[in-house]
Every structure is written in structure tokens, then in C-alpha cells.
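What the coordinates show
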Amino acid sequence: MRSYDVELTRTLDLAGHGAIDQAMAVYDGYNRRARKDLLYYLEKGELLRLAHRFADSQTAWLMAEQRVQMWEDTARAHPERLLRDLGSILVNDRLRPYEGADFEKVMLSARMALNHLALGEWDKARVAVKRAHEREAVIASLRARQVLEAEEQARKHGARPSFKELDGYPVETIDNPEVLALKNSYQSAFSHYLAGFIYEALGEPSLAAAGYRQAIELRPGIALLERSLEGLDARVLDHRSDLAELLIVVESGSAPARDSANFNLPVFTEYGVALAPVSVPVIRPGDAATSVRALTVDGRDLGEPPVITSIDLMSRRQLHDDMPWILLRAFVRATGKVALQRQALKRDDSGLAGALVMIGAVLTEQADERGWRTLPATISVARTSVTPGDHLLTVDTGAGRHEFPVNVQGRYALACIRMLGSQVYLVSPAAPSGRQPKARASAMGLGLR
């Protein structure tokens, strides 16, 4: 019965004021006696990354990755175990082991790739983005079967799982043109564009082109994405160039929170009135993510970087697609709780036992509000060519101007900006090693100036 929203609101507030170490201490305090699950390691890895503790962040995410891989193994070998999971029927969905949203599973691989780049492990970053795309295929196969299974189970239990029939549910939060315009809830233009950039840096233009094309398909009409295909072969083959390709990733805000929307439906029995409690998650309107009005390198204006991935929208699409299954579990659970109330009313003429069972049924019916909240709400990208050496990266958010020194060495480089609360951080990778092109972007994470 813990409130995950309360825990993460406090954690994010501290991180948004630059108190990363305190944020991690508070988050660990909330989880001191709890079993460390997938969600714990997802959140912990993100906080450690903000603190520039890339190796520790990767250790946390490797623990998360192990749990996602177990889910993948089950999805491949025994999908029926996942498809027919009607667990949490007796109490509520919060008691279900947290398996992670589809987009969280894919985003984990993409963020592990960023950590690999931060550690100079470009070959391992390549493995991570490849794993992300393989994971998408596993999810696609399972979800296609899940739609059919949900319909079959609904018919079996006599349920009509549609959130649009719940009077008072804010349908527009998950059923609107922006949400439905997404191809699905788990593929992002960012992860595919990042893959394209990594493949390009490693001298694999055909794979790079595939990554860029997939990004364009997922986020059409973005000139920056389309320009990445122009001159791709020439960039890869021209080893005499004295310019470096600098990719700037801009992350803003945090993933949206969920609340529990409760509906108590009266059911008339021959022994009295019972309540069928139904609780489903609703995505709360998030705080407006800080946007970058201008991005400059050494005074050269790169303009406003376009948003290529909205985790906020992906989260809403995930809930939209999951609603039939969520409602089916709620329906089966409510049916069981009504049966318990009916038996209590039957055995106790005073109605006291029925009332107590009814109160217990209502109080224990809570929707699952868990989610990877430290993920950014939006991800934007900018790209430019620079000479190797020291540069000044300037970020103008409208509320302030923030300058970061960046040192670029070689032909490819990456810099990550994270805007959270009142803070603007620059999280940059170390020099690549091994067979990678000579690429480096190094800097300190700074707060507001």
C-alpha cells in the first residue's frame, strides 16, 4: 500500500534542485526494507548517471537488465504465462511483481548505451542498441498475441473492458490524436537515431542508414533526422576530415506520474447492496518540461533542438494499450469482492459483517501507480560539425542561460544535457577506446548559473 508517487516526488524534487546525493539517500531510505525489484534499479541507475557515477549506474542497470532478460526468456519460451496472468485478483495490481512498461524495457537498453559511451565503450554501446531493437521484436510478438488473449478472456468472464465506459474517467489523457499518432508504445525515434549515430561512428554506414530511416519513420517531418542520411557514406569514408560530428542530446523533465481513479459500482443482491470497487490508473498532467529556446556552440546558433521522442506520450500510449487487460483484472477482482460481500450479508442479518467486508474491498482496491519516473519527459537532439578542441556549449531556456565547456577530440562526439527542475546538467562521455573513431566529449555537470 506504499505511495510510489510520494516517494518519487520527493526524490525528483531534490534532484531538481541539484541535491543528487541527497535524492539517492532519500530514495534508498524509502526502499531500505523493500525488496529491490526492477523499478528500484531503473530509478537508481538514472540517479547515479546524473551524479556522473557511470560505472555504478551501469551496475544498477545491469541488475535491471537481468530482470528484463528473464521476462524476455519467458516471453519467448512460455508466452502463455505472461498472457494469462490474472494475478493480483484478490487485492490490487500493486501486488503484482513490477515487470516494466514496454517502452521502459527498450529505453533501458538505449540508456545503457549512453552509459557505455560515457565509459568509452563504444563496442558495448553497439551491443546495447542492437539489443534494444531485438527487444522491440519480442514485445511486438507478445503484444499481438495479448490483444487476442484479452478479448478471449473478456468473453470468458463476461466483461466489456473499455475505459470509455467508466463515467468520469479522463479519457482525453490517453485517447487523443497525439497519443494515437504513435506507431506503438515502445519504439522511439531517439533509440534508433542513437543506434544510427553509433553505427556511423563505428564505420558501418548500412546499419547507420537503417537506424536513421527507422527514426524518420517514427518521427517524420524532422529535418535534422532526414539530413543524417545526406552524405552518410562520405562522412564514414573520409578519414582525412578535420571536423568532428557532435551530437547533442537534450533531455527535459521527468516521466509522468500515475494516480488511482476509483469507481465504486453498486450491485444489488437478494441480501442487500454490495459495492463492486474498480480502480484503474490515470496519468496526471505533468509539469511543463523546460524547453531549450536556443542552443549555441561557440556562439553559432543551432536553433531550438526538435523533440524526437516524448516519453510522456509513450507512457500514455502504453496505458491506452494496456487498459483492456487492466480492466479485465479489475472486473474479475470486483466480482470476487462482491461475492465475499454477498456471503457476509447472507450470514449476518445485522449487516455489520457485510459493511466491514465492503469497506475492506474498497480500501484495498488501488490501481498500480508505479513507473520509471526519473526518465526524462522529452528527448531532443541537435547535431553540428566542429573542429577538435575546446568549445563552449550554451543553453538558453528562456529562464536562464547556461554555459558548459566541452572538449571534443576526433571525428565523433556526444554531449548530453539534462534539464530537471531548476537544474541544467551536462552529462558527457569519455574518450572512446578500441577500434572506435577518435571521438570525445568531456565536461562537468553544472547547475544553474
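Just so we're clear, the structure is a prediction, and the values are computed from it rather than from any experiment.

The rules behind these values
Residues numbered from 1 in each chain as written. Predicted model: local features only at pLDDT ≥ 70, side-chain atom pairs only at ≥ 80, totals over all residues. Heavy atoms only, no water. Axes fitted to C-alpha atoms, helices over the stretch in contact; angles between N-to-C directions. Helix = DSSP H or I, 4+ residues; strand = E, 2+ residues; numbered from the N terminus. Parallel < 35°, antiparallel > 145°, perpendicular 65-115°, else oblique. Left-handed = near helix turned anticlockwise from the far one by under 90°. Contact = heavy atoms within 4.5 Å. Nonpolar A, V, L, I, M, F, W, Y, C, P; charged D, E, K, R; others polar. Pairing = 2+ DSSP bridges. Buried < 20%, exposed > 50% of the residue type's maximum accessible area, 1.4 Å probe, protein only. Phe/Tyr/Trp six-rings, centres within 6.5 Å; stacked < 30°, edge-to-face > 60°. Lys NZ or Arg CZ within 6 Å of the ring centre and 35° of its normal.

Looking at the packing of helix α3 (residues 38–50) against helix α4 (residues 54–77)
At a minimum axis distance of 8 Å, the contact between α3 and α4 shows a crossing angle of 160°. Classified by the angle between their axes, α3 and α4 sit roughly antiparallel to one another. α4 is crossed by α3, and the crossing has left-handed handedness. Residues Leu38, Tyr41, Leu42, Lys44, Gly45, Glu46, Leu48 and Arg49 of α3 form the contact with α4, whose participating residues are Phe54, Asp56, Ser57, Ala60, Trp61, Met63, Ala64, Arg67 and Val68. Looking at the contact of α3 with α4 residue by residue, the classes come out as ten nonpolar, two polar and five charged.

Some details on the sheet that holds strand β6 (residues 307–310)
Spatial strand order, β6-β7-β1-β10-β11: five strands in an open sheet with mixed pairing. A strand with exactly one partner marks an edge of an open sheet, and here the two such strands are β6 and β11 (423–427). The mean angle between the axes of side-by-side strands here comes to 20°, regardless of whether they run parallel or antiparallel. In this structure, β6 lies alongside strand β7 (residues 378–386), joined through three bridges in antiparallel fashion. Of the residues in β7, the one forming a bridge with Val307 is Ser380. Here helix α6 (residues 102–118) sits on the sheet in contact with β1 (244–252), β7 and β10 (412–420), set at roughly 120° to β10.

Things to note about the pairing of β1
Across the nine residues of β1, nine count as buried, placing the element largely inside the fold. The alternating pattern of β1 places Ala244, Leu246, Ile248, Val250 and Ser252 and Glu245, Leu247, Val249 and Glu251 on opposite faces, both of which are buried. Note that β1 and β7 share nine bridges and pair antiparallel. Residue pairing for β7: Val250 is matched across the bridge by Ser380.

Considering the packing of aromatic side chains
Following the criterion strictly, the structure yields five aromatic pairs and no others. Seen from their ring centres, Tyr193 and Tyr212 are 5.0 Å apart, and the 45° between their planes marks the pair as tilted. Here Tyr193 is found in helix α9 (residues 189–201), whereas its partner Tyr212 is found in helix α10 (residues 205–218), with 19 residues between them in sequence. An angle of 75° between the planes, with centres 5.7 Å apart, marks the rings of Phe197 and Tyr412 as edge-to-face. Of the two residues, Phe197 sits in helix α9 while Tyr412 sits in strand β10, which places them 215 residues apart along the sequence. Judged by relative accessible area, Tyr412 falls into the buried class, the value being 1%. Against the face of Tyr40 rests Lys36, its NZ or CZ located 5.4 Å from the ring centre. Cation over ring: Lys105 sits above Trp71, and NZ or CZ is 4.1 Å from the ring centre.

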